[in-house]
Amino acid sequence: MEAQIDYSQLIPNNVGLSSDRKLQRALESWHPKFMNWWQTNGPDSYQENEVYLRTAVSVDKKGWAHFGPVKMPDYRWGIFLAESHEQDKRIKFGEHQGEKVWQEVPAEYRAPLRRLIVTQGDTEPASVEQQRILAATAPSLVDMRNLFQVNVEEARHLWAMVYLLMAHFGRDGREEAEELLQRSSGDPDKPRILGAFNEQTPDWLSFYMFTYFTDRDGKYQLASLTESAFDPLARTCQFMLTEEAHHMHVGETGVARIIQKACDIMNQYKTDDVRRHGGIDLPTLQKYVNFHFSVSEDLFGAEISTNAANYYTQGLKGRYQENRIKDDHRLKDEPYEVSTFRDQKIAKEEVSALTSINERLRDDYIEDCQRGVNRWNKLIKDAGIEFEIKLPHRAFHRQIGTFSSACVAPDGSVISSDQWEEKKLEWLPSQQDHEYVKSLMVQVTEPGKFASWIAAPRIGINSQAIDYEYVRL
Amino acid sequence: MPASQDIQKRKNHYIASFGINFLTHPKQYKHWAIKIEEDIAWLGLNVSESDTLGDGYQLKLNSYDLGVDIELNDAIQRIRFEHPSIRCVIIHSLNERVFCAGANIKMLGYSNHAHKVNFCKFTNETRNAIENATKNSSQTYLCAIQGSCAGGGYELALACDEIYLADDGSSAVSLPELPLLAVLPGTGGLTRLVDKRLVRKDRADFFCTTEEGIKGKRALEWGLVDRIIPASSFAEQVMSRAKEVAAGKNPESAAVGIQFTPLNRSFKENSIDYSHLSITIDRTLSSATFTLHSNHTDLPHDLAGIMSQGSDFWPLLIARELEDAILHMRFNEDQIGTWIFKTSGESTDVLKAESLLKNHESAPVIKEIVLYLERTLKRIDVSARSLIAAIEPGSCFCGILAELALACDQSYMLLGQFDEDERPEAFITLTDFNFGSLRMVNELTRLESRFYGQKELLTAVEESTLNRLDPKTAEELGLVTFTPDDIDWEDELRIAIESRAVFSPDALSGMEANLRFVGPETIESKIFSRLSAWQNWIFQRPNAVGEDGALSLYGSGERPKFQKGRV
């Protein structure tokens, strides 16, 4: 007979797991399935190697970043809600503005809330699946460790969403929790819900672009859920955001190090031919930016959205930093300017702020993306090289919303579909580009050493040396 | 612009720009694609977002407006006539993410009540035609669902004989009308759920109050679908099932079809002319007179002749013209509340045409023509118009055309002749077609309905088959309401029409529908009566269409406020 597992020990939490029989029972059935999922869909190999990981053991300052070597299957996936600092917390927006936040799900909103949580939850394991083969071509041990860190935390985010489903959505919630493990990225029978999460992350350049651009979509989705009137969801997402910030940092510094390496090569060899010296040239990098930025913009949905408007009115999902926006937080008669595509022209149009919630979030996102791009450009400038990485126009290469029918160049000029076909491979990675990047992907496992196309990071993890053995092979 | 103003503006625009053409052709389709593979047809829905019938909305997520359904109706009709060797039709979506999101909600929100009801009626008739083809034409409809299938999308599926759902963790079927819009499914969803698919009441209740619907195993267990199929083998398994279904059918595949040629019609301000049907409109009396003409000149002699005449063969032509006229008058002439039916020509020509149908009744195309006539006459029964027959000398209310008089709420037959008119006294002739081939939605013939529960009267009528029934006999047999002579004729008819014009049109529609459909309910009759009663009521209620109603606010992001009292 198997020994009873003490879940309160195994699963660090601040949700009173040890005294919640219902939740324990649900997790007892789900946990082995999760472990099975992690073994088959999580990082390929390296499950028995110790990785220098950060684990959250509590939500206070001391507890959220606990470093040490852990085998990934032994990672302590915890369930945490951010601490509530507000006494008498009130709903900030929508129809229920001013009412007390909900600790239980109102029946009326059970379905939409479940849908929001499931859609968010589905992206978490999806990215782990998308990245599962990357370790085999890790450019260094630090990078491999960063990949694994991102992976275990995305899996923890799955736990966070599963907790909400199990604690608040009864049998339906338990079924949804199981289905989160049954769907799988790219599976023709049971694909992940959002299209972008069924694409493979084939190389490390894509991985960094993904963590910079696509995880940033996650940041904005989570941030608008932290505004939710359903308090457990708000607090769960609040805590997830701290980890998400780290993932974007991995992306930003990853790309920065590739840029650094390209600049170093250009200066060292006085050449523009970065590829000859095993680096990734800046024009290729620009193409990847174009691709990942435009695909990630699509994740925000259509410019005009009834669903988003309903979620807002119902108090389920707010805007980014609702508190800082100066308006009535109900938006019945508020205008908002959105870009539209009509008669082959890109124009601005004033529409109801309520139905343009998605677009507003996308605006915030674009602004945020630009900040990191500015930092990349500063690196290039500091290296004395004349090149500027630019975010493409929002209408460029879109599949969703008003621009999905438009052919638009990165600078925002509207072109014909013939021109698009002719030019698109100047703007988006071509097969050749992919093959070139793929050819660079060779695993480097000697501590302190790095692949030819990426510079070393400035500092190690948690003040460890650069040549620390972050993954013990 | 504030959401409410925005809605009002688009609403007005939408109504103003309305004018609907029911004729189309596969080459003109914007939303459907027909693909024929031997005895199987794939009917693919791929709604073109911006090709809408009205303004102010886009047909997102394969949602439909009347324009989409006009094409579907045309496609079903053409598959029957032009491809009679088809044994199985698969309705599916060409959009990867969604099967069909149902009727477009914004369109419903912007359209006036009459359009909403007319729209639902037409879509119901189209779905009934799907079931009718499955039952009578050996063309079984299957529905293959991948992606979400909501509201009218699932109701379309319910009209099919079998429903397959992709088991991919996200494809689901739903009827979200009540929780989302505070209305009911408008195309028979509730009735077919319990009456046709025999879904248990409690489960149906849960299903219809669950916005996101039900997927996978549970959908199968509850009988909402017939099979769940993994996504990777979906198309393949659907195809192999379609082949089984087709193989189980009587081949009849030698059957050659009839191509539908475009109808000739010309619109003037107060008249419409088809080849064998003319309509004149009297706007002061809010009435329209339909006159159907028999065909004297070019009836064929045999099946080969019929086939070579094709869609110009009189019984088929008259069905097409009458159908188009009914739809036009319903949608585009809603102020015209009374339809008067007249005929002109020789009864012998009608009899000749009928005997051609009778002699070749086993030929698939002939079967189709009769079924088409039946469906067209049903459209008259369920039209919200006062129907009056005027039977005069020179008319030919015989067999098929006599059904027009029998469909009417009241009928007037001239006793004797008009002054200075040589034509003989009018007569009615009943044929086999009045005793079983042309049934109403309650599955009774119009004569069975007329003499419901009075067998002896029906028997007496039956015994007079093929007789020339003069006005006196017709009145005695109970076939007409009044038989005024030429002195009273004009006045009586005028009063009948004028009085219809002064009564409340709503009360008239309700009364007429109550009186027209006697006897037991069928799925078909239930669908129409419940649409007329419940849905019409709910569609009018503040909780749906009031300023704070769910349908009015849909899409604005504002939340409906319901009046809580139960009525």
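Residues numbered from 1 in each chain as written. Chains lettered and ligands numbered in written order. Predicted model: local features only at pLDDT ≥ 70, side-chain atom pairs only at ≥ 80, totals over all residues. Heavy atoms only, no water.

Caption draft 1: Local environment of the overall build of chain A. Per the secondary structure count, chain A includes 12 helices and 5 strands. Over its C-alpha trace chain A gives a radius of gyration of 23 Å, about what one expects of a compact globule, namely 23 Å for 473 residues. Dimensions along the principal axes, computed over C-alpha positions, put chain A at roughly 65 × 60 × 40 Å. Taken across its 473 residues, chain A has 59% of its residues classed as buried. Taking all contacts inside chain A whose residues are at least 6 apart in sequence as the whole, residues at least 24 apart take part in 71%. Counting only carbon and sulfur atoms, one obtains 47% of the accessible surface of chain A, whose full area is about 20000 Å². Charged side chains in chain A number 57 positive and 72 negative. The centres of these two groups are separated by 3 Å. (Helix = DSSP H or I, 4+ residues; strand = E, 2+ residues; numbered from the N terminus. Rg over C-alpha atoms; globule rule 2.2 N^0.38 Å. Buried < 20%, exposed > 50% of the residue type's maximum accessible area, 1.4 Å probe, protein only. Contact = heavy atoms within 4.5 Å. Areas by Shrake-Rupley, 256 points an atom, 1.4 Å probe, with all protein chains shown as cover. Lys, Arg positive; Asp, Glu negative; His and termini not counted. Charge placed at Lys NZ, Arg CZ, Asp CG, Glu CD.)

Caption draft 2: Focus on the overall build of chain B. Secondary structure assignment for chain B yields 23 helices and 21 strands. The C-alpha radius of gyration of chain B comes to 24 Å, within 12% of the 24 Å expected for a compact globule of 567 residues. Taken over 567 residues, chain B has a buried fraction of 57%. In the form shown here, chain B has an accessible surface area of approximately 23100 Å², with 50% of it arising from carbon and sulfur atoms.

Caption draft 3: Local environment of the environment of Glu154(A). All names here are of chain A. By the element assignment, Glu154 lies in helix 4 (residues 141-168). Other than its neighbours up to four places away in sequence, Glu154 contacts Glu124, Ser127, Val128, Asp215, Glu244 and His247. Here His247 takes part through its side chain, which lies 3.1 Å from a polar atom of the side chain of Glu154. (Polar contact = N/O pair within 3.5 Å; in protein donor to acceptor, adjacent residues only side chain to side chain.)

Caption draft 4: Focus on the packing of helix 2 (residues 21-41) of chain A against helix 4 of chain A. All names here are of chain A. At a closest axis distance of 11 Å, the pairing of helix 2 and helix 4 adopts a crossing angle of 150°. In terms of axis orientation, helix 2 runs roughly antiparallel to helix 4. Considering only the axes of helix 2 and helix 4, their crossing is right-handed. Note on element contacts: helix 4 touches helix 2 through Asn151, Val152, Ala155, Leu158, Trp159, Val162, Tyr163, Met166 and Ala167, opposite Lys22, Leu23, Ala26, Leu27, Trp30, His31, Phe34, Trp37 and Trp38. Grouping the amino acids of the contact of helix 2 with helix 4 by side-chain chemistry returns 15 nonpolar, 2 polar and 1 charged. (Axes fitted to C-alpha atoms, helices over the stretch in contact; angles between N-to-C directions. Parallel < 35°, antiparallel > 145°, perpendicular 65-115°, else oblique. Left-handed = near helix turned anticlockwise from the far one by under 90°. Nonpolar A, V, L, I, M, F, W, Y, C, P; charged D, E, K, R; others polar.)

Caption draft 5: Representation of the sheet that holds strand 10 (residues 172-174) of chain B within the structure. Residues and elements named next belong to chain B. Pairing is mixed across the open sheet formed by 4 strands, whose spatial order is 5-8-10-11. The open sheet is flanked by strand 5 (98-100) and strand 11 (214-215), the only strands paired with a single partner. Direction of pairing for strand 8 (residues 148-150) relative to strand 10: parallel, over a ladder of 2 bridges. Counted as the bridge partner of Ala150 is Ser174 from strand 10. (Pairing = 2+ DSSP bridges.)

Caption draft 6: Examining the domain arrangement of chain B more closely. Residue and element names in this part refer to chain B. Along its sequence, chain B is organised into domain 1 (22-249) and domain 2 (267-516). Each of domain 1 and domain 2 was reduced to a C-alpha centroid, and the two centroids are 33 Å apart. If you look at the interface, domain 1 gives 19 residues, while domain 2 gives 22 residues. Between domain 1 and domain 2 lies a buried interface of about 1800 Å² when both sides are counted; carbon and sulfur atoms form 55% of it. When residues of domain 1 are sorted by the area they lose upon contact with domain 2, Phe22, Phe81 and Glu125 head the list and together hold 33% of the total. Here domain 1 is connected to domain 2 by 3 salt bridges. When the shortest N-O distance is used, the salt bridge between Arg80 and Glu368 registers 2.8 Å. For the pair domain 1 and domain 2, the interface holds 7 residue pairs in polar contact (both at pLDDT 80 or more). Contributing elements (two or more residues each) for the side of domain 1 that touches domain 2: helix 2 (66-82) and helix 4 (113-136). The element that contributes the greatest number of residues to the side of domain 1 that touches domain 2 is helix 4, accounting for 11 residues. (Domains from an automatic or database assignment. Buried area = accessible area lost by both parts, 1.4 Å probe. Salt bridge = Lys/Arg side-chain N within 4 Å of Asp/Glu carboxyl O.)

Caption draft 7: Highlighting the side chain of Asn358(A). Residues and elements named next belong to chain A. Relative to the helices and strands, Asn358 is located in helix 10 (residues 357-382). According to the relative accessible area criterion, Asn358 is buried, its value standing at 13%. When sequence neighbours within four positions are dropped, the list of residues in contact with Asn358 reads Phe300, Gly301, Ala302, Glu303, Ser305 and Ala308.

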